[in-house]
Amino acid sequence: MQTIDPEEFYKIELIVGTIIRAEVFEKARKPAYKIWIDLGADLGIKKSSAQITQHYSTENLIGKQVLCVCNLKPRQIADFMSEVLVTGFSSSDGGIILAGVDGPVANGSKLH
């Protein structure tokens, strides 16, 4: 495993937000959703493409709080601009389980 200085880690903006909209991303090469995340007053609503279809439906994503990397460069995926990276963990069946919080926290809260 490669190590980094703590100062490098502190550059990463890991912010919690709430998914407010989700739809199937039909133009994606791999099964994915387009999701809109409320990241609080400072960042507002940001979009992300997420390959999380194996464990989630669009309906059960709404209201879910997720941990996002917010200071990566936006990425064009087909006709959709993904502005943040939603984080998650690989499951034993090859899907992704979203990284979130153990209890409700304010949208826009930064991971320490």
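Nothing here was measured: the structure is a model prediction, and the numbers come from that model.

Participant: Provide a residue-level description of the side chain of Ser49, including the pertinent values.
Facilitator: Relative to the helices and strands, Ser49 resides in strand 3 (residues 45-50). Classification of Ser49 as buried rests on a relative accessible area of 18%. For Ser49, the contacting residues outside a window of four places in its chain are Phe25, Ala32, Tyr33, Ile77, Phe80 and Ser82.

Participant: If you had to explain the side chain of Thr87 to someone new, which residues and values would you point to?
Facilitator: Here Thr87 lies in the loop between strand 7 (85-86) and strand 8 (88-90). Under the relative-accessibility criterion, Thr87 is labelled buried at 18%. In terms of polar contacts, Thr87 uses its side chain to reach the backbone carbonyl oxygen of Leu67, at 2.8 Å. Leaving out residues up to four positions away in the same chain, Thr87 has contacts with Leu67, Val69, Leu98 and Ala99.

Participant: How would you explain the pairing of strand 1 (residues 14-24) if you had to name every residue and give the values?
Facilitator: The sheet contact formed by strand 1 and strand 4 (residues 65-69) spans 5 bridges and is antiparallel. Along strand 4, the bridge assignment pairs Val16 with Leu67. Across 6 bridges, the pairing between strand 1 and strand 2 (residues 33-38) is antiparallel. Looking at strand 2, one finds that Arg21 is bridged to Trp36.

Participant: Please set out the environment of Asn107 residue by residue, giving values where relevant.
Facilitator: Inspection of the secondary structure assignment puts Asn107 in the segment after strand 9 (96-98). Its relative accessible area of 25% is what places Asn107 among the partly exposed residues. Taking the C-alpha atoms as reference points, Asn107 and Asp38, separated by 69 residues in sequence, lie 6.7 Å from one another. Residue contacts for Asn107: discarding those within four places in its chain leaves Val16, Gly17, Thr18, Asp38, Leu39, Gly40 and Gln65. Within the local environment of Asn107, its side chain forms a polar contact with the side chain of Gln65, the two groups lying 3.3 Å apart.

The rules behind each value
- Residues numbered from 1 in each chain as written.
- Predicted model: local features only at pLDDT ≥ 70, side-chain atom pairs only at ≥ 80, totals over all residues.
- Heavy atoms only, no water.
- Helix = DSSP H or I, 4+ residues; strand = E, 2+ residues; numbered from the N terminus.
- Buried < 20%, exposed > 50% of the residue type's maximum accessible area, 1.4 Å probe, protein only.
- Contact = heavy atoms within 4.5 Å.
- Polar contact = N/O pair within 3.5 Å; in protein donor to acceptor, adjacent residues only side chain to side chain.
- Pairing = 2+ DSSP bridges.

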